Amino acid sequence: MSSSAAASNSGTSVPATVVPSVSRSGFGWWKVLVTGAVGAAVVNLVVFAVAKLAGASLIVMDAGEEHPITVGGIIGSSVVPLLVGTGAALLLALWKPAFLRIAQYVGSGLALLSVAGPLSADADGGTVAALSLMHITLGVAVFTTLQLHRRHR
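Here's a quick rundown of the structure. (Residues numbered from 1 in each chain as written. Predicted model: local features only at pLDDT ≥ 70, side-chain atom pairs only at ≥ 80, totals over all residues. Heavy atoms only, no water.)

## Let's talk about the environment of Leu 92
For clarity, the cut-off: The secondary structure listing takes helices from DSSP runs of H or I that are at least 4 residues long and strands from runs of E that are at least 2 residues long, numbered from the N terminus. Partly exposed residues are those whose accessible area sits between 20% and 50% of the maximum for their type, while under 20% is buried and over 50% is exposed, using a 1.4 Å probe and protein chains only.
Its place among the elements puts Leu 92 in helix H2 (residues 71-95). When its relative accessible area of 38% is taken as the criterion, Leu 92 is described as partly exposed. Measuring from C-alpha to C-alpha, the distance between Leu 92 and Ala 103 comes to 9.5 Å, with eleven residues separating the pair along the chain.

The following block contains the structure:
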């Protein structure tokens, strides 16, 4: 029945009321966080697999001790910072929406600055390249996750 159609009610004509539906994208804050975290982890696991296939040792030396890079370490290092950082940004944005834009740049910038760690690590070139790319991936994931929320709220 269209909005201009009349509904019959005991012999009288009453215009049918059509309530417009509120359409949302379905990308609430928690879905954005999960999507960003899973996306970052998956991309970093692909980088890990490619580095391993390319012959990178995936071992970092620290104070004479070997620290192997593991799948669990990659997942944790990808998911935890993204959830904490973007989660805090989303909470702050409830108070002041401008925090989303600020967090996009600050969070991405911090992740990119953290590339200094792998670049100064005592490891082979393949390992340094893989770790650097993983840090860059996290920076892109932070920016993209918050952008996704900004566009679909």
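## Focus on the packing of aromatic side chains
Here is the rule: Note on aromatic pairs: the rings of Phe, Tyr and Trp (six-membered ring only in Trp) are paired at centre separations within 6.5 Å, and the planes decide the class, stacked below 30 degrees, edge-to-face beyond 60, tilted for the rest.
For the structure shown, the criterion picks out two aromatic pairs. A centroid spacing of 6.0 Å and a plane angle of 20 degrees characterise the contact between Trp 95 and Phe 99, whose relative ring orientation is stacked.

## Remarks on the nonpolar core
Convention followed: The definition of a nonpolar core used throughout is a set of buried Ala, Val, Leu, Ile, Met, Phe, Trp, Tyr and Cys residues joined through side-chain atoms within 4.5 Å.
Ranked by internal contacts, the top residues of the largest apolar core, which has 13 residues, are Ala 40, Leu 82, Leu 90, Leu 100 and Leu 146. Those elements that place two or more of their residues in this core are helix H1 (29-53), H2, helix H3 (98-113) and helix H5 (125-151). Grouped together as the second largest cluster of nonpolar side chains are eleven residues, Val 47, Val 60, Ile 74 and Ala 130 included.

## Points about unusual backbone geometry
Its identity is not glycine, yet Leu 58 carries a phi of approximately 55 degrees, on the positive side. In this structure, Leu 58 sits in the loop between H1 and strand E3 (59-62). Overall, Leu 58 belongs to the buried group, its relative accessible area being 3%.

## Things to note about the side chain of Ser 132
Counted only if it meets this: The contact definition used throughout considers only heavy atoms, calling two residues in contact when any of these lie within 4.5 Å.
With respect to the helices and strands, the residue Ser 132 is situated in helix H5. With relative accessibility at 9%, the residue Ser 132 sits in the buried group. With near-sequence residues (within four places) excluded, Ser 132 lies in contact with Val 115, Pro 118 and Leu 119.

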